[in-house]
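# Structural overview for review
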Amino acid sequence: MRAYAELMRHGSARRLMLASTTGKLRFAIFPLATVLLGHGSSGSFLDAGIVAGAWSVGGTVTAPLRGRLVDRHGQRWPMGVMAVLTALAVAGLVTATATTQLVLSGTLAGASAPPIVASTRSLWARAVPHDLLRGAYALEAVLTEVTKICGPLVAAAAAVRSPRLGVIVAGALLVAGSCLVMSHPPALSTLAAPAPDTGSRGVLSSPALRLLLLTNVCAGICLGALTVGLPARAAESGSAAGAGWMFACLGLGSALAGARFGTRHRTAPPATGYLTTLTWLALLLALLAAISAPPLMALLLTLAGAAFAPMTVCLFELLDAHAPRGTAVASMMWMVAGEELGIAAGTMATGALAQQAGTWPTLVLAAAACGLGATITALRITELACDERSP
């Protein structure tokens, strides 16, 4: 843990960690909260999947634009406007009385969400020395997974009182997290040096970036399938809110693996790590589809979760190597767009599967999506092996 101790000696790193935690917790609460809100409104997992998918669709459509705005104008005013719009959308969600209203408000909430994760990734490069950047990325990934442990538990606990309460908590955290990121010194300094306008084609001019976008769609389908599939499996045992402990197991495995990953000296390139984590996740989720005993499920979910944080670190390093200069936020937001597109497809497809065929096909779908991502990466791994931005 010496690497993390050295990292935390920098005041800018401590401030950035505090700024990102609140926003990440909101993103950890919102997916399960929307599923439980949709299910609580109609009693149908099909409707729950549609509501959660609407949020992902909204985020997918506008993600590159939101990232480009931050690259060009800095974090301050674009994120402020987006935070206000998202707060209004959350208000629409908690006051909706019909599925159509939930879908419309969910779409707006996703379309206007401030790019907190993408922004913090770009800020780390200015907050700490280059030799500490890998540890910072690992800390960011671990921080994400810790919030993923807490987020579903908060959403599930809130749903016991009211399905709307989880969405309210998520909205309040989003506003607070956005304010903290906007007030971070490196964020304010970007106003003096706006990024050049590369346009959407410039961001995707790298073949490696297009490959990463495709694999992020596959990862998103997996996450969407789990977002609906795990609550559906929990509902078979009594209550959909019981999925909180399942998501917590995934987050725990990821946090432990990420903490270890950031302190190891690695000789393998990030492309190899990216392929390995996709393969590991596909195998573990395939086993999970055949298991119903809670103790074994908890073990497999924890082991499967060990893939997520290392996958995120490898993705960050691959973006550093291949993203066009001046597109730090926009490039990450393209990855977010691909993931959100996959989540939308995964949640909607899984909602239909859970309603018509039971829960085990939902986990098969999650495993198959990761397997497809691993296959695509393996076939074209040479495109990820070189650093396109090396002099």
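Within an unreviewed UniProt entry, the label attached to the chain reads MFS transporter, and the organism entered is Streptomyces rhizosphaericus.

### Notes on the overall build of the chain
Secondary structure summary: the chain contains 18 helices and zero strands in total. Taken over the C-alpha trace, the chain has a radius of gyration of 19 Å; the compact-globule value for 391 residues is 21 Å, and the two agree within 12%. Its C-alpha atoms give the chain principal-axis dimensions of roughly 55 × 40 × 40 Å. Out of the 391 residues belonging to the chain, those deemed buried represent 56%. When contacts within the chain are restricted to residue pairs at least 6 apart in sequence, those whose partners lie at least 24 apart make up 85%. Here the chain has roughly 15000 Å² of accessible surface; of this, 68% comes from carbon and sulfur atoms. Of the side chains in the chain, 25 bear a positive and 15 a negative charge, and the two mean positions are spaced by 5 Å.

### A look at the packing of aromatic side chains
Applying the stated criterion to the full structure yields two aromatic pairs. With centroids separated by 4.9 Å and ring planes inclined at 45 degrees, the aromatic side chains of phenylalanine 30 and tryptophan 55 adopt a geometry described as tilted. Taken together, the residues span a long stretch of sequence, with phenylalanine 30 in helix H2 (residues 11-42) and tryptophan 55 in helix H3 (residues 45-73) at a distance of 25 residues. Exposure class is identical for phenylalanine 30 and tryptophan 55. Each is buried. Taking the centre distance of 5.2 Å and the plane angle of 75 degrees together, the rings of tyrosine 137 and phenylalanine 316 count as edge-to-face. With tyrosine 137 in helix H7 (residues 133-161) and phenylalanine 316 in helix H15 (residues 308-322), this residue pair connects regions lying 179 residues apart in the sequence. Among the residues examined, tyrosine 137 registers a relative accessible area of 2% and is labelled buried. Positioned above the aromatic ring of phenylalanine 27, the side-chain terminus of arginine 26 is 4.6 Å from the ring centre.

### Notes on the pattern of salt bridges
Following the criterion strictly, the structure yields two salt bridges and no others. Residue glutamate 140 is joined to lysine 24 by a salt bridge in which the shortest nitrogen-to-oxygen separation is 3.0 Å. With a gap of 116 residues between them, glutamate 140 in helix H7 and lysine 24 in helix H2 connect regions that are remote in the sequence. Between glutamate 383 and arginine 380 there is a salt bridge, with the nearest N and O atoms lying 2.9 Å from each other. When its relative accessible area of 25% is taken as the criterion, glutamate 383 is described as partly exposed. Exposure remark for arginine 380: the relative accessible area of 31% places this residue in the partly exposed category.

### Details of the environment of glutamate 339
As for its position among the elements, glutamate 339 is in helix H16 (residues 328-357). Assessed through its relative accessible area of 27%, glutamate 339 is described here as partly exposed. With 209 residues separating them in the primary sequence, glutamate 339 and histidine 130 have C-alpha atoms 28 Å apart. Setting aside anything within four residues of it in sequence, one finds glutamate 339 in contact with Asn216, Val217, Gly220 and Leu223.

### Description of the packing of H16 against helix H17 (residues 360-379)
At their nearest, the axes of H16 and H17 sit 8 Å apart, and the two run at 150 degrees to each other. As the angle between them shows, H16 and H17 are arranged roughly antiparallel. Residues Ala349, Thr350, Leu353, Ala354 and Ala357 of H16 touch H17, and the partners they reach there are Trp360, Pro361, Thr362 and Leu365.

### Describing the nonpolar core
As a rule of thumb, nonpolar side chains are buried together in soluble globular proteins. Counting 101 residues, the largest nonpolar core has Trp124, Val128, Leu230, Leu281 and Leu285 as its most contacted members. Here this core takes 11 residues from helix H11 (residues 207-236), the largest share from any one element. When residues no more than four places from it in sequence are discounted, the contact partners of valine 128 are Leu7, Ala13, Leu133 and Ala136. If you look at the next biggest cluster of nonpolar residues, it comprises seven residues, including Val35, Ala52, Val228 and Ala354.

The rules behind the values
Residues numbered from 1 in each chain as written. Predicted model: local features only at pLDDT ≥ 70, side-chain atom pairs only at ≥ 80, totals over all residues. Heavy atoms only, no water. Helix = DSSP H or I, 4+ residues; strand = E, 2+ residues; numbered from the N terminus. Rg over C-alpha atoms; globule rule 2.2 N^0.38 Å. Buried < 20%, exposed > 50% of the residue type's maximum accessible area, 1.4 Å probe, protein only. Contact = heavy atoms within 4.5 Å. Areas by Shrake-Rupley, 256 points an atom, 1.4 Å probe, with all protein chains shown as cover. Lys, Arg positive; Asp, Glu negative; His and termini not counted. Charge placed at Lys NZ, Arg CZ, Asp CG, Glu CD. Phe/Tyr/Trp six-rings, centres within 6.5 Å; stacked < 30°, edge-to-face > 60°. Lys NZ or Arg CZ within 6 Å of the ring centre and 35° of its normal. Salt bridge = Lys/Arg side-chain N within 4 Å of Asp/Glu carboxyl O. Axes fitted to C-alpha atoms, helices over the stretch in contact; angles between N-to-C directions. Parallel < 35°, antiparallel > 145°, perpendicular 65-115°, else oblique. Core = buried A, V, L, I, M, F, W, Y, C linked by side-chain atoms within 4.5 Å.

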